[in-house]
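Understanding the architecture of this molecule
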Amino acid sequence: MNRRLLLAAPLFASLITGIPAYSLLAQAPENEPPPEIESPPPFSEASETSPTPAPTDRRQPSELLPQEQTDAVIVLGELRSAALLSPNNADVRLKLAQELYRIGDLDSALDECRVAIKLDSRNATAYLQLGVTLMAKHDEQAASIALMDAIMFDPQLTLAHYSLGSVQYSLGNLPAAIQSYRKALDLRPNFHDARYRLALVLKLADQDREATLLMEDAANSGIPQAQYSIGNAYRHGQGVEKNMALAIRWWTKALEFGQQRAAESLSQLRRQALSPDQPEQRRMDAMTAFRQYRRELWGDYPDAGRHNSNDSVGIALLKIGQASNGITALFAEAFALGEDAHDELARLYETGIDTSLAQFDKRIFACFATTAADGFIPAKKALARIYGKGLGVAQDLQKAEMVLKGLPKEEMNAVLDEIEGR
């Protein structure tokens, strides 16, 4: 099976580019590719003393912002001048290589890495930079040699072990990849991305139990791909006891970071709960899971006071003046098919809450559009009313009627009558 590595942007620029983590903890089609493991950022002192940011879901490296482009030009010019003045200074040539890597000039970065190594043949960081640049060029064999050289000269270089794990994975050597990721974690126990990558490879090696434990640790550290994957583990009972409410919780957390596959999983489960074409038991299982998730949300807000667990925690929080927490909880409940929370959001869409929530808030509109598309009748009615009355959008009765399509004729006419004031 062909595996490849993708270029990531430098850590110090906070532009790490990641790959959608194909769910290794869910039942996947046999022809679905394994997760792609991206190359790490170029080495810097900060990268050895700071945890790596969680990867995002974009397949292409992010473009530099205008100010960053200007800064990069200035820095590159300064480094070129420094190299011109001190052509035999290995540190200067290495810094130039790192900046060239940052802006995507990989060939020039390779040239400068090799010059730095020629000037200082025992410079471990130069070998590391050479290795990650070769990874970005998809030259895994050469990258593995450079990274092993880096480790030979500095066995404590955490990113070298992490990078070598990615290379070994791409070459199909799972035991070596596991060993490298374990070494990275031995050196830096709080290196959560290494924990996540190790979990992925352990799953491929059929070590499900340890993979799931590590994945949950990575999820708790805030890595959205890990949150999505552990949600799948709970959904299917892989390495853990099956718990659909926990699956919803983890997918919801991943969704907060924009993890699109988590959004798709939640949408699929909502459709399972709402579609009359689904077997009754499947519908009930999904609806029960959403209900249980909404009840368990109360545990996240101990200040909400005494309650009936079937009530909306979001509404309770608004009543005691916790607008920010209340709004967050309302969205979570509404996406989980909570009718009371949905009705409250429908009211707030028209009124807003002082400075906490604007009138005609686009997030509420997006929530209704999403859940309406999944078949949630209260959302269909609210969205039809928004279009029919032109609340924050251009008035469009035709769209209102389209949103209501599929509802019983009496319900549809009742909504349209209310819209038209009849």
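One structure accompanies this document, and this report is about it. (Residues numbered from 1 in each chain as written. Predicted model: local features only at pLDDT ≥ 70, side-chain atom pairs only at ≥ 80, totals over all residues. Heavy atoms only, no water.)

Section: the nonpolar core
Judged by nonpolar contacts, the single largest core of 120 residues is most densely connected at Leu128, Val313 and Phe368. It is helix H5 (residues 124–136) that contributes the most residues to this core, nine residues altogether. For Val313, the residues in contact, after removing those within four places along its chain, are Leu297, Trp298, Tyr301, Ala304, Ala329 and Glu333. (Core = buried A, V, L, I, M, F, W, Y, C linked by side-chain atoms within 4.5 Å. Buried < 20%, exposed > 50% of the residue type's maximum accessible area, 1.4 Å probe, protein only. Helix = DSSP H or I, 4+ residues; strand = E, 2+ residues; numbered from the N terminus. Contact = heavy atoms within 4.5 Å.)

Some thoughts on the pattern of salt bridges
For the coordinates displayed, the defined rule picks out 15 salt bridges. Close ionic contact of Glu344 with Arg347 constitutes a salt bridge, the shortest N to O distance being 2.6 Å. Residue Glu344 and its partner Arg347 are both found in helix H17 (residues 339–351); the two are separated by three residues, about one turn of the helix. According to the relative accessible area criterion, Glu344 is buried, its value standing at 14%. (Salt bridge = Lys/Arg side-chain N within 4 Å of Asp/Glu carboxyl O.)

Concerning helix H18 (residues 362–373)
The end-to-end C-alpha distance of H18 is 16 Å, a good match for the 16 Å that 12 residues give at a rise of 1.5 Å each. Listed in full, the buried residues belonging to H18 are Ile364, Phe365, Cys367, Phe368, Thr371 and Ala372. The buried residues of H18 occupy an angular sector of 160° when projected down its axis, which confines them to one face. Those residues of H18 hidden inside the fold are in contact with helix H13 (260–274), helix H16 (323–335), H17 and helix H19 (377–389). Phi for Gly375, located one or two positions after H18, is positive at around 105°. (Expected span 1.5 Å × (residues − 1). Arc of directions from axis to C-beta.)

A word on the packing of helix H11 (residues 224–236) against helix H12 (residues 244–256)
Packing of H11 against H12 leaves a shortest axis separation of 8 Å and a crossing angle of 165°. Taken as axis vectors, H11 and H12 run roughly antiparallel relative to one another. Crossing geometry of H11 relative to H12 is assigned as left-handed. Contact with H11, carried on its side by Pro224, Gln227, Tyr228, Ile230, Gly231, Asn232, Tyr234 and Arg235, involves Met244, Leu246, Ala247, Trp250, Trp251, Lys253 and Ala254 of H12 and no other residues of that element. Looking at the contact of H11 with H12, its residues break down into 10 nonpolar, three polar and two charged. (Axes fitted to C-alpha atoms, helices over the stretch in contact; angles between N-to-C directions. Parallel < 35°, antiparallel > 145°, perpendicular 65-115°, else oblique. Left-handed = near helix turned anticlockwise from the far one by under 90°. Nonpolar A, V, L, I, M, F, W, Y, C, P; charged D, E, K, R; others polar.)

A few points about the side chain of Glu333
Positionally, Glu333 belongs in helix H16. From its side chain, Glu333 meets the backbone nitrogen of Gly314 in a polar contact 3.2 Å long. Look past the residues within four positions of Glu333 in its chain and what remains in contact with it is Arg294, Leu297, Asp311, Ser312, Val313, Gly314, Gly338 and Ala341. (Polar contact = N/O pair within 3.5 Å; in protein donor to acceptor, adjacent residues only side chain to side chain.)

Structural notes on unusual backbone geometry
We note that Leu337 has phi near 65°; this positive angle belongs to a residue other than glycine. Its location among the elements puts Leu337 in the loop between H16 and H17. Unlike most non-glycine residues, Phe360 shows phi in positive territory, near 60°. With respect to the secondary-structure elements, Phe360 resides in the loop between H17 and H18. On the basis of relative accessibility, which here comes to 28%, the residue Phe360 falls in the partly exposed class.

Interpretation note: all reported values are geometric properties and have no functional meaning in isolation.
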